[in-house]
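Notes for the structure review
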Amino acid sequence: MLSRTAENLFWIARYIERAETMARLLEVGGRIALMPQAGHGYRNEWDSLLRASGTASGFAQKYGDPVQRNIESYLFFDRDNPSSVASCIEKARENGRIVRTALTTQVWDALNAAFQEMRALERRPRSELELTQLTEWTMRHTAMLRGAIDATLLRNDGYHFLGLGFALERADNTARLLDVKYYVLLPRVDLVGSGLDNYQWQTLLRALSSHRAFHWAYGGEITAGKIAHFLILNRQSPRSLMTATGEAVGHLDALALAYGCATPAQERARRLLRQLETTSVEDVFEEGLHEFLTRFVQDVGGLAALVQENYLSGEAR
Amino acid sequence: MAIEFFNEMYQGSQVRAPYARLEDWMRAMPAEFRQMKQAEAEALFRRIGITFAVYGEGGDPDRLIPFDMFPRVFTQVEWHRLERGIKQRARALNAFLLDVYGRGEIIRAGRIPARLVYQNAAYERAVAGFTPPRGVYSHIVGIDLVRTGPDDFFVLEDNCRTPSGVSYMLENREIMMRMFPALFRENRIEPVDGYPDLLRRTLASVAPAKCEGEPVVVILTPGHFNSAYYEHSFLADLMGVELVEGADLFVEGGFVWMRTTEGPKKVDVIYRRIDDAYLDPLCFRPDSMLGIAGLMDVYRSGGVSIASAPGAGVADDKAIYTFVPEMIRFYLGEEPVLQNVPTWQCGKPDDLGHVLDHLAELVVKEVHGSGGYGMLVGPRSSAAQLEAFRARVIANPGNYIAQPTLALSTTPTFVNEGIAPRHVDLRPYCLVGERIELVPGGLTRVALTDGSLVVNSSQGGGVKDTWVLAE
Amino acid sequence: MILTVSHATTYRYSAPMRGAVQSLRLTPSRFDGQAAREWQVEVEGGIRGGSFRDGAGDRVEGWSVRGPVREVTVRVSGQVETRDLHGVLAGHRETVPAEAYLCASTPTEPDAALVALAQEAAAGASDALDRAHLLAAAVRAAIAYRPGATHAHTTAAEALALGEGVCQDHAHALIASAHVAGFAARYVSGYLFSDAAAGAQEAAHAWAEIWVNGLGWIGFDAANACCPDDRYIRLGSGRDAQEAAPIKGLAMGPGSESLEVAVAVGASQQ
């Protein structure tokens, strides 16, 4: 397929995944704000959410103090924020419009419906819109899009570029979320294992729609080790780094098979997966969670750059 | 003076035969049902994303062209004559193009002034002396027709470059069939959905001689910001070909290649939807970001075909238009089946005098204008508008032509108050390659404003499904 | 005469480019006044593309260079046997009719001064050929030869106002005034052999051709106040310098471009 088409598909997936992460972050914030102990801690929570989403400086420039309503607007509706849900959905839909012919009617309908409904949402008074409505709306539409892709799209190279976009963006997002939790929310080591800590972990799990899955899988007390295992190494956890990396490898291998030749991207992805497979939770904490995650985010970035170079740039021979 | 307009459905209180079944359909439809269907149609158009951005108006880039559910109908006999006339015209226009980029026989014979051809901005010296595969320059000819009576059709203009709108012909039919399946069971209507396949075969048939195996055809678009992008992507999809932008293609070793995820892939035929001036920065506008550097060298050395061929625009110029009947006689030795609208060239002093004396009765157009811009409809203009336009014509007479205000036929159209006659035109799309093909149908454009004669979508016109009844 | 040509053009880029494409009009025209004995065009490290003779009779060849590329060199060398036909382009085959060269392009758009110059010069002419000669002489008188006074995009009107220029400006001004006088006229690029040391600058040369009914295209080199003779090698034509350029190229990438040209035209003994 055209390199540019592959690039558009790749970015549809990345933007959709990013929109979903953004909505999940908003949900975390919303829940924390509902808690009685929010008190003085509340502003900090919102602040760290902005930092987690990588939008703190943009927000500060536009609004100054992190007031909940402004943050909601900024993370959900604001077109000045390139990572807002609205921006991501608009860009995903625009990428989709460009490669309309590479999508099925169902996939296009899902993308276009999200965009058209987003425009309708924007026209409604903000006072009518509860935060949970907005986040649920986002999850519903991203789920519909994934469903349409899985149910209707030909398993050709285009499908794998979409899958690659989802997997790489998810790997990146989970790592960042986890890093923010550990590094930004809770910088002090003596707080690890405290009540506050557990509460924050729970909200994070909830945001990843994983709190039930977690309890089912691990049971008992929430510990940093269990969480790290769940979000980094657990093969059953849909958002873990292991799962996302494994999916990236799967899509790259399928591409190599379809094209009858591999590129350096396959090798790099497999190496990343092997590293995770030979890593234990103890290794992660020994290296330092933040250090480990920083390295992982860089590795994922490097892999994305190789995918760009070998498939999406059009310079491959 | 009141002009008598030909109503394609009613003659007095009598319903014309092709519309007989529609009469019942129309009468049986309650207003609420109609409104529901209209809303349904709009939702369908919006869902499939068929929208149209209006040049220079800003506003909603996802604006829909209004779709009118009341079909326009032709009998087999009427269509047969149109088909003969359209194919004849497409043949003559292509013969003309091959001639003026070759020996220029029609000019040597004194049938067309050399000036109109060789000093025409659309004449491309870069393709002179080149014979494209099968001698075809214009592979898709859009002929704009208007009707003024039961047997009176006039050609308003020819479009030899990249006539747009065919996606509406296809989508209008698709939506009508979805919404009113019963209508299609009761009326036997010739299908139009073979068009994309015919187009692909036409383009494949003009692949260069160097092409081995099944020709690779692509559609070249200026990009997704273009107002007709939907159509480009729609056609690419139905034809099963890649939709490319200039940056997706490059030139090497005398061929054109597209950048794919598996490396370069050779391209044999480019159906371009960008203007000549932007095709190749080495040959035309050096600042073009839309084209492919070196494309023209590959084209001229027979490495790739371009449809329509660069330079095809010299045949659809409004000044050349006057001479199309002459072309038909000269190249084909036939009399034109379809008439031209009488046209005055403001560049000729005698004609200019007539035009200025009768400005209030005429339609005046820019020679190179399109889309209904830069146009005066005399009978519908104020004294101030007339005077302003008069000044423009006097300042640059060669830039204008004038035609009588035609009594465009009307067909019933759904409007707020119910059903009312509105003026229409017709653009069929003729395909020229190994064979000359025409699907039975076209794009009917309708002026939705009461009394308006301007059907262009950029000026508030709408579209209708166009039926040709089987015997 | 037998003229030998050695011509190297080097484009250097400040940053590596993704690739370059060129369209070359670097082969001597075929007409009664010249015949190439041997001729080679080569783009170093390039891939030869399609080649054809265009409607104006010029041999055109496409080339491309794969990236990353920091430097592209076009090398021309060969030997041409020339005859003095007093500027007449006899025996040259082309499809484009002279009528296609009656209109101005941007650099040859006439202004009031060019119109006045053309009208004055042509006033006392005995016939068309005489009128063309007078136009060339008037342009030569109005624009002094001075390298560096003008640039690649200077128009005929600007050069005339300045009163200085190089062969490109003389040719543009002559084309513009010829149009005013009702002639079809065009731009020609080529080589000029000169034994004077000062001529080295203009070894890569340009002049104008004017269509005179009955005679056809006739070359006029206003810069040197003569018609092309056996010291000239004709390469290609166009409405103006940009269209007739022997090398048209484009490199894709962020780098800026610098140019170095070395041309030598010599006469060899028979």
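Residues numbered from 1 in each chain as written. Chains lettered and ligands numbered in written order. Predicted model: local features only at pLDDT ≥ 70, side-chain atom pairs only at ≥ 80, totals over all residues.

Below, the discussion takes up the overall build of chain A. Assigned secondary structure in chain A consists of 15 helices and 0 strands. Counting over 317 residues, chain A shows a buried share of 48%. Contacts in chain A between residues at least 24 apart in sequence constitute 70% of all its contacts with a sequence separation of at least 6. (Helix = DSSP H or I, 4+ residues; strand = E, 2+ residues; numbered from the N terminus. Buried ≥ 20, exposed ≤ 12 C-beta atoms within 10 Å, placed from the backbone. Contact = placed C-beta atoms within 7 Å.)

This next bit is on the interface of chain B and chain A. Each partner contributes to the interface: chain B provides 18 residues, whereas chain A provides 17 residues. Elements supplying a minimum of two residues to the side of chain B that touches chain A: α9 (229-239), β7 (242-244), β9 (255-260) and β10 (263-267) of chain B.

Bringing the sheet that holds β9 of chain B into the picture now. All names here are of chain B. Within the open sheet, the 3 strands sit side by side as β8-β9-β10. Their pairing is antiparallel. Either end of the sheet is taken by a strand with one partner, and the two such strands are β8 (249-252) and β10. In this sheet, neighbouring strand axes are inclined to one another by 40° on average, regardless of whether the strands run parallel or antiparallel. In this sheet, β10 lies alongside β9 in antiparallel orientation, the contact comprising 5 bridges. Its bridge partner being in β10, Val256 is matched across the sheet by Val267. (Pairing = 2+ DSSP bridges. Axes fitted to C-alpha atoms, helices over the stretch in contact; angles between N-to-C directions.)

Attention shifts here to the domain arrangement of chain A. All names here are of chain A. Parsing chain A into structural domains produces domain 1 (1-153) and domain 2 (155-317). At the interface, 26 residues of domain 1 touch 25 residues of domain 2. Secondary structure elements with two or more residues in the side of domain 1 that touches domain 2: α1 (3-34) and α2 (38-52). The dominant element in the side of domain 1 that touches domain 2, judged by the number of residues it contributes, is α1, at 19 residues. Taken together, the residues that form the side of domain 1 that touches domain 2 break down as 14 nonpolar, 3 polar and 9 charged. (Domains from an automatic or database assignment. Nonpolar A, V, L, I, M, F, W, Y, C, P; charged D, E, K, R; others polar.)

So, about the sheet that holds strand β8 (residues 204-212) of chain C. Residue and element names in this part refer to chain C. The sheet built from 4 strands is open, its strands ordered β9-β8-β7-β10 with antiparallel pairing. Looking at the sheet topology across the chains shown, the edges are occupied by β9 (216-220) and β10 (232-238). Between one strand axis and the next, the sheet turns through 35° on average, direction left out of account. As paired elements, strand β7 (residues 185-192) and β8 share 7 bridges and run antiparallel to each other. When the sheet's bridge partners are listed, Tyr191 is paired in β8 with Ala204. Seen against the sheet, helix α2 (residues 128-142) touches β8 and β9 and runs at an angle of roughly 150° to β8. Strands β7, β8 and β9 of the sheet are contacted by helix α4 (residues 167-180), whose axis makes an angle of about 10° with β8.

Moving on, we get to the nonpolar core. One recurring pattern in soluble globular proteins is that nonpolar side chains are buried together. Ranked by size, the top nonpolar core spans 308 residues in total, and within it Leu174 and Ala208 of chain C carry the most contacts. Ranked by residues supplied to this core, first place goes to α1 of chain A with 14 residues. Here Leu174 of chain C is in contact with Leu135, Ala136, Val139, Ala185, Ala208, Phe220 and Ala222 of chain C, once residues within four sequence places are set aside. (Core = buried A, V, L, I, M, F, W, Y, C linked by C-beta atoms within 7 Å.)

With 23 residues of chain B at the contact, the number on the chain C side is 22 residues. Those elements giving two or more residues to the side of chain B that touches chain C turn out to be α5 (114-118), β8 and α10 (295-300) of chain B. Grouping the constituent residues of the side of chain B that touches chain C by class yields 9 nonpolar, 9 polar and 5 charged.

All names here are of chain B. By the criterion of burial, α9 is predominantly enclosed, with 9 of the 11 residues buried. Among the residues making up α9, those that are buried are Tyr229, Tyr230, Glu231, His232, Ser233, Phe234, Leu235, Ala236 and Met239. Packing partners of the buried residues in α9 comprise α6 (166-179), α8 (195-204), β6 (217-220) and β7. Note on α9: the residue one or two positions beyond its end, Gly240, has a positive phi of about 70°.

Right, let's talk about the environment of Thr148 of chain B for a bit. Residues and elements named next belong to chain B. With respect to the helices, strands and loops of the structure, Thr148 is situated in strand β4 (residues 140-149). A residue is classified by how many C-beta atoms lie within 10 Å of it, and Thr148, with 18 of them, is partly exposed. Along the primary structure Thr148 and Ser409 are separated by 261 residues, whereas in three dimensions their C-alpha atoms are 5.3 Å apart. Not counting residues within four places of it along the chain, the set of residues in contact with Thr148 comprises Phe6, Phe154, Leu406, Ala407 and Ser409.

Right, let's talk about the confidence of the model for chain B for a bit. All names here are of chain B. Residues of chain B with pLDDT of at least 70 account for 95%, and the chain-wide mean is 91. Between residues 53-59, whose pLDDT stays under 50, and residues either more than four places distant or in other chains, the model counts 8 contacts. The ipTM assigned to the predicted complex is 0.94, against a pTM of 0.89. (pLDDT = per-residue confidence, 0-100.)

Moving on to the domain arrangement of chain B. All names here are of chain B. For chain B, the assigned domains are domain 1 (10-338 + 406-468) and domain 2 (343-404). Between the C-alpha centres of domain 1 and domain 2 the distance comes to 26 Å. Tallying the contact residues gives 12 residues for domain 1 and 9 residues for domain 2. Taken together, the residues that form the side of domain 1 that touches domain 2 break down as 6 nonpolar, 4 polar and 2 charged.

What follows is about helix α12 (residues 241-259) of chain A. All names here are of chain A. The end-to-end C-alpha distance of α12, which contains 19 residues, comes to 27 Å, matching closely the 27 Å that a straight helix rising 1.5 Å per residue would cover. When we look at burial in α12, the residues that qualify are Leu241, Met242, Thr243, Ala244, Thr245, Glu247, Ala248, Val249, His251, Leu252 and Leu255. The positive-phi residue at the C-terminal boundary of α12 is Gly260, with phi of around 75°. (Expected span 1.5 Å × (residues − 1).)

Here the focus is the packing of α12 of chain A against helix α13 (residues 264-277) of chain A. All names here are of chain A. Interaxial distance between α12 and α13 falls to 9 Å at its minimum, and their mutual angle equals 155°. It follows that α12 is roughly antiparallel to α13 by the angle criterion. Relative to α13, α12 is oriented so that their crossing is left-handed. Of the residues in α13, those in contact with Leu241, Met242, Thr245, Gly246, Ala248, Val249, Leu252, Asp253 and Ala256 of α12 are Ala265, Gln266, Ala269, Arg270, Leu272, Leu273 and Leu276. Of the residues belonging to the contact of α12 with α13, the class tally is 11 nonpolar, 3 polar and 2 charged. (Parallel < 35°, antiparallel > 145°, perpendicular 65-115°, else oblique. Left-handed = near helix turned anticlockwise from the far one by under 90°.)

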